[in-house]
Amino acid sequence: MKAAVLWEQQQALKIEEVDHRQPGPGEVLVRTVASGVCHSDLHMIDGLWPARLPMILGHEAAGVVEKVGSGVSHVKPGDHVVANFRPFCGRCGFCVSGRPYLCDNQEAADPGAAEDRVTLDGRRVEIFTSVGSFAEYMLVPETGVLRVRQDAPLEKVCLVGCAVMTGIGAVTNTAKVGAGARVAVIGAGGIGLNIIQGARLVGASQIIAVDLLDSKLELARQFGATHTVNAANDDAVARVQEISGRQLDFAFESIGRPQSATDAFRMIAFGGTVVIVGMMPLKSEITLPGFAFLFEKKVIGCMYGSARVGIDMPRLIDLYMDGRLMVDELVSREWELEGINDAFSLLRSGEVARSIIRYG
Ligand SMILES: [Zn+2]
Ligand SMILES: [Zn+2]
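Just so you know, the residues in each chain are numbered from 1, in the order the chain's sequence is written. Here the convention is simple: chains get letters from A, ligands get numbers from 1, in the order in which they are written. Totals for whole chains, interfaces and linings use every residue, but because this is a predicted model, local features are given only for residues with pLDDT of at least 70 and side-chain atom pairs only at 80 or more, for both listing and counting. By convention in this description, side-chain values take in all heavy atoms of the structure and omit both hydrogens and water.

(A) Representation of the pattern of salt bridges within the structure. When a carboxyl oxygen of Asp or Glu lies within 4 Å of a side-chain nitrogen of Lys or Arg, that pair is called a salt bridge. In the structure shown here, the tally under the stated rule is 17 salt bridges. The residue R239 makes a salt bridge to D234 at a minimum N-O spacing of 4.0 Å. Classification of R239 as partly exposed rests on a relative accessible area of 26%. Connected through salt bridges with shared partners, the residues R21, E27, D110 and R117 form a single ionic network. A simple rule labels every residue: compare its accessible area, found with a 1.4 Å probe on the protein chains alone, to the largest value its type can have, and call it buried under 20%, exposed over 50%, or partly exposed in between.

So, in structure tokens, the structure goes:
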């Protein structure tokens, strides 16, 4: 099969012919239909996170089940699926307490990863987050896919696999934002736009989008932002405080930039909450004024929108199919696999919400 392979960080991906093995016990082989191009993939290319190489990136994906291994019961060939990039063991403390996104027993969650799934001339190729959707097929553990309704367009709902789930889950699951809350969102990219529409869905009274590009702030308005702040021209903290009357309940950081987290902390009111959704570079540190904690300011982390994928993803797809969730509008460009490096260049420039790679 064809796959885009990362051989070296800070280098372009190379399209290669690779081999995948057949699904073993508890594994599912999926024909990839579409994959989003996400900032986390870009972080791996740029070397912000360490990577074992060579590696196939891509983790925001949808496809059709081709074959299943022994013991797989919840999907069968022909089923439409969205990838879950946090497979879970179902037995550890996190799993049994309803937090599978924190499962710390990844060896049990994905035992097949120990045996080479994909090889190139006999050499092992690593798979990013057990998904590896920049390839024509994905061989994944059973909990790495979720069956979805057959009438949902896979080239759109692939985005539920990361950006939509993470952004909306950050609002509804992680932060539990209530109706009437005042919310600021730093960064109006794929994740930020979904935080914005999540805040709209739960009835936030003010949704203040902060970004450096007017084109993204325009998109933010379409997704539900009530106010926009261009941080290139304005002091973002002062502007957000002014708009919210110093009553901001939540500030979401969606970029993965330490300074934005510090800004978010300064934006929130006493008792307010900062939610760090963006993926921070591995060795980064966040500076916060210690005294402010006396006034019960909070900072919380967010993994995958605290997703319980079996419950949350079908609900999100139903909302989309009912016309209440904007997903089509996230897709700015579609590419064949050969265009993947161009898709990353566009993502780096900040000009697109999401690019999609389509197969076949
Ligand atoms: Zn992602
Ligand atoms: Zn677990």
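(B) Just the coordination of the zinc ion (ligand 2), in detail. Ligating atoms shown are N, O and S within 2.8 Å of the metal, or 3.2 Å for Na, K and Ca, and water is not included, meaning a site may look less than complete. Taken together, C89 (SG), C92 (SG), C95 (SG) and C103 (SG) make up the protein donors of the zinc ion (ligand 2), found 2.3 to 2.4 Å from the metal. One can describe the site at the zinc ion (ligand 2) as tetrahedral: its four donor atoms subtend angles covering 106 to 114 degrees at the metal. Read in sequence order, the donor residues for the zinc ion (ligand 2) give the motif C-x2-C-x2-C-x7-C. Taken individually, C95 and C103 each receive the classification buried, so the pair is uniform in this respect. A site with four donors is called tetrahedral when every donor-metal-donor angle falls between 85 and 135 degrees; four donors are called square planar, and six octahedral, when opposite donors sit more than 155 degrees apart and all other angles fall between 65 and 115; any other arrangement is irregular.

(C) Structural context of the nonpolar core. In this text, buried Ala, Val, Leu, Ile, Met, Phe, Trp, Tyr and Cys residues form a nonpolar core when linked through side-chain atoms within 4.5 Å. By size, the foremost hydrophobic cluster in this structure holds 73 residues, and its most contacted members are V164, V183, L193, I196 and F252. The next biggest cluster of nonpolar side chains, apart from the first, holds 30 residues, and it includes V37, I56, V125 and L346.

(D) Quick peek at the pairing of strand 15 (residues 250-253). Put simply, DSSP marks the helices as runs of H or I at least four residues long and the strands as runs of E at least two long, and each gets a number from the N terminus on. Here strand 15 shows no split at all, with F250 and F252 on one side and A251 and E253 on the other all buried. Two strands are counted as paired when DSSP detects at least two bridges linking them. When strand 12 (residues 182-186) meets strand 15, the two strands line up parallel, connected through four bridges. By the bridge assignment, V185 is partnered in strand 15 with F252. Where strand 15 lies against strand 16 (residues 273-276), four bridges are found, and the strand directions are parallel. Bridge pairing in strand 16 links F250 to T273. If the strands point away from the viewer and the path from the first strand over the helix to the second runs clockwise, then the crossover is right-handed. The parallel pair strand 15 and strand 16, bridged by helix 9 (residues 258-267), forms a crossover whose chirality is right-handed.

(E) Summary view of the domain arrangement of the protein. For the protein, the domain assignment lists domain 1 (2-161 + 326-358) and domain 2 (167-303). Each domain span listed reflects an automatic or database assignment of domains. Relative placement of domain 1 and domain 2: their C-alpha centres are 28 Å apart. What makes two residues a contact is simply this: any of their non-hydrogen atoms within 4.5 Å. At the interface, 16 residues of domain 1 touch 15 residues of domain 2. Buried surface at the junction of domain 1 and domain 2, both sides included, amounts to about 1400 Å², of which 68% is carbon and sulfur. Taken as a group, W49, M326 and L330 account for 38% of the area that domain 1 buries against domain 2, more than any other trio of residues on that side. At the boundary of domain 1 with domain 2, the tally comes to zero salt bridges. Here a polar contact means two N or O atoms within 3.5 Å. Within protein one must be a hydrogen donor candidate and the other an acceptor candidate, and residues neighboring in sequence count only if both atoms are side-chain atoms. Counting across the domain 1 and domain 2 interface gives five residue pairs in polar contact (both at pLDDT 80 or more). Here the side of domain 1 that touches domain 2 is built from residues that sort into nine nonpolar, four polar and three charged. Two parts lose some accessible area (1.4 Å probe) when they are put together, and adding that loss for both gives the buried area. Amino acids outside the nonpolar list (Ala, Val, Leu, Ile, Met, Phe, Trp, Tyr, Cys, Pro) and the charged list (Asp, Glu, Lys, Arg) are all regarded as polar, and Gly is one of them.

(F) Spatial organisation of the packing of helix 1 (residues 39-46) against helix 11 (residues 340-349). Relative orientation of the contacting elements helix 1 and helix 11 amounts to 100 degrees, with a least axis distance of 11 Å. Relative to helix 11, helix 1 is oriented roughly perpendicular. In this structure, helix 1 contributes H39, D41, L42, I45 and D46 to the contact, and helix 11 contributes F344, L347 and R348. Its residues placed into classes, the contact of helix 1 with helix 11 shows four nonpolar, one polar and three charged. What counts as an axis is a line fitted to C-alpha atoms, over the stretch in contact for a helix, and the angles between N-to-C directions run from 0 to 180 degrees. To sort the angles, those under 35 degrees are grouped as roughly parallel, those over 145 as roughly antiparallel, those from 65 to 115 as roughly perpendicular, and the leftovers as oblique.

(G) Seen up close, the side chain of D312. Assignment of secondary structure puts D312 in helix 10 (residues 309-321). What makes D312 buried here is its relative accessible area of 6%. For D312, the residues in contact, after removing those within four places along its chain, are M165, N173, S306 and A307.

(H) Quick look at unusual backbone geometry. In this structure, the amide linkage connecting L53 to the following residue, P54, adopts the cis form with an omega of -5 degrees. Turning to its location among the elements, P54 is positioned in the loop between helix 1 and strand 5 (55-56). Positive phi, close to 60 degrees, is recorded for E296, a residue that is not glycine. Tracing the backbone through its elements, the reader meets E296 in the loop between strand 16 and strand 17 (298-301).

(I) Highlighting the sheet that holds strand 9 (residues 123-127). Read from one edge to the other, the open sheet built from six strands follows the order 2-1-5-9-8-3, with strand pairing classed as mixed. Only two strands of the sheet have a single neighbouring strand rather than two, namely strand 2 (14-17) and strand 3 (19-20). Here strand 8 (residues 118-120) pairs with strand 9 via three bridges, running antiparallel. Bridge assignment links L120 to a residue of strand 9, and that residue is R123.

(J) Structural context of the packing of aromatic side chains. By convention, a stacked pair of Phe, Tyr or Trp rings (six-membered ring in the case of Trp) has centres within 6.5 Å and planes under 30 degrees apart, an edge-to-face pair has planes over 60 apart, and any other such pair is tilted. Scanning the entire structure with this criterion turns up six aromatic pairs. With a centroid separation of 3.8 Å and 15 degrees between ring planes, the pair formed by F85 and Y304 is classed as stacked. Taken as a pair, F85 in the loop between strand 7 (80-83) and helix 2 (93-96) and Y304 in the loop between strand 17 and helix 10 lie far apart in primary sequence, 219 residues in all. When sorted by exposure, F85 lands in the same class as Y304, which is buried.

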